[in-house]
Amino acid sequence: MRISQLLKSSKIKGIIMPLPMLQKKIPAHPLSSVKAIIAVAAGKGGVGKSSVTVNLALALKAMGYQVGVMDTDIYGPSVRRMLPEDRFPSQKGTLITPALCAGIKMISMAYFRKENEAAVVRAPIANGVVSQFINNVDWGSLDFLLIDFPPGTGDVQLTLSQQANLTGALMVTTPQEVALMDVRKAMHMFDQVKVPLIGVIENMSYYLHPGIAEPIHIFGKGGGERLAREMGIPFLGQIPIDPEICQSGDRGQSLFARDANHQRPATRAFMHLADQVVAHIKVLKEETNNCLSNFELKWKEMESHA
Ligand SMILES: Nc1ncnc2c1ncn2[C@@H]1O[C@H](COP(=O)(O)OP(=O)(O)OP(=O)(O)O)[C@@H](O)[C@H]1O
Ligand SMILES: [Mg+2]
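Parameters at a glance
- Residues numbered from 1 in each chain as written.
- Chains lettered and ligands numbered in written order.
- Predicted model: local features only at pLDDT ≥ 70, side-chain atom pairs only at ≥ 80, totals over all residues.
- Heavy atoms only, no water.
- Helix = DSSP H or I, 4+ residues; strand = E, 2+ residues; numbered from the N terminus.
- Buried < 20%, exposed > 50% of the residue type's maximum accessible area, 1.4 Å probe, protein only.
- Contact = heavy atoms within 4.5 Å.
- Lys, Arg positive; Asp, Glu negative; His and termini not counted.
- Salt bridge = Lys/Arg side-chain N within 4 Å of Asp/Glu carboxyl O.
- Polar contact = N/O pair within 3.5 Å; in protein donor to acceptor, adjacent residues only side chain to side chain.
- Near = heavy atom within 4 Å.
- Areas by Shrake-Rupley, 256 points an atom, 1.4 Å probe, with all protein chains shown as cover.
- Axes fitted to C-alpha atoms, helices over the stretch in contact; angles between N-to-C directions.
- Left-handed = near helix turned anticlockwise from the far one by under 90°.
- Nonpolar A, V, L, I, M, F, W, Y, C, P; charged D, E, K, R; others polar.

Thoughts on the environment of Phe144
- Mapped onto the elements, Phe144 comes out in strand 9 (residues 142–148).
- Since its relative accessible area comes to 5%, Phe144 is described here as buried.
- Residues Phe144 and Ala36, spaced 108 residues apart in sequence, show a C-alpha to C-alpha distance of 4.9 Å.
- Here Phe144 is in contact with Ala36, Ile38, Leu60, Tyr65, Gln66, Val67, Gly68, Val278 and Ile281, once residues within four sequence places are set aside.

A look at the side chain of Asp73
- With respect to the helices, strands and loops of the structure, Asp73 is situated in the loop between strand 4 (67–71) and helix 4 (79–82).
- The charged side chain of Asp73 is buried without a salt bridge, its nearest counter-charge being Lys49 at 6.4 Å.
- At 3.0 Å, the side chain of Asp73 and the backbone nitrogen of Gly76 are in polar contact.
- Here Asp73 is in contact with Met109, Asp148, Pro150 and Pro151, once residues within four sequence places are set aside.

Describing the site of ligand 1
- Near ligand 1, the surroundings consist of 17 residues, among which Lys49, Ser50, Ser51, Asn203 and Pro240 are the closest.
- At a separation of 3.0 Å, an oxygen atom of ligand 1 approaches a polar backbone atom of Gly48.
- One of the side-chain N or O atoms of Ser51 is found 2.6 Å from an oxygen atom in ligand 1.
- In the complex, the protein chains occlude 79% of the 630 Å² of accessible area that ligand 1 would expose alone.
- Secondary-structure elements contributing two or more residues to the shell around ligand 1 are helix 3 (49–62), strand 11 (197–207), strand 12 (235–241) and helix 9 (243–251).

Let's talk about the packing of helix 7 (residues 177–192) against helix 8 (residues 223–231)
- The interhelical angle for the contact between helix 7 and helix 8, taken along N-to-C directions, is 30 degrees, at an axis separation of 11 Å. Handedness of the crossing formed by helix 7 with helix 8: right-handed. Facing helix 7, whose interface residues are Leu180, Val183, Arg184 and Met187, helix 8 presents Gly223, Gly224, Arg226, Leu227, Glu230 and Met231.
- Classifying every residue of the contact of helix 7 with helix 8 by side-chain character gives five nonpolar, two polar and three charged.

Put into structure tokens, the structure is as follows:
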């Protein structure tokens, strides 16, 4: 029966009765209570996207924010190893409740595969998994959801950029030119799909050798800052090379748990980065709101001329 016929049949004394079918409330999207959805991307592999995602999430958590992490590296998920769960994910109807790791909500392909089992899936399936992460995970209310992007600018990255309602993207790079080349390509992708770039993070910027005062710039100096200037976006900070980042990741012990008083330069660098991210997201949101109110103003003017 067509909707018009249904409406007709439910007419009593000239009043259209509300039909249960039409009354049914459309459920809110699982991401609707997430205040900021942030891509952590590079285009380049191995520059530290996952390490930055995990430690930035921990730094934001330490500042008192509610944080979630979506690991979208379907073929090489590493976030679960870096931050093991205190509570496993579970399923309620069509929705998945994310895992809980040191107070951070987390979803990853790693929860759906054994650790050494490869996800042998073609791109459409990988895309489908990522779509389910976007549409079927019950994130609840969060201040920040960080999305750890896989390397490259392929199908999955495009799906995420177009479907995840991203607030903006954080670009991670290392200082050398070969890394910058790929990061530029990823920036171009975000530009094409109209995702704002929040800023550049330079990882593995320098090494502080015990007993040597000057930082050692193993991978070159200033590449991240140069890239930010070239693209006209903020430079958010440098993360030093610290074996503790690598070891804490491998052992699944958080850098923040091992350095609770933030003594290490790397821990302090992540706290500084979190401050910068909070500040720049605020500016970005204000700019978006201003755009909306400007648009509304114009519309009212046009209406009054009519
Ligand atoms: N600042 C750092 N100091 C020391 N080790 C680091 C640092 N950043 C990352 N690493 C180490 O470098 C390796 C690669 O980092 P990570 O897995 O975070 O990179 P990625 O960009 O996510 O890689 P992929 O493209 O494979 O997903 C890891 O072993 C990690 O522990
Ligand atoms: Mg990674």
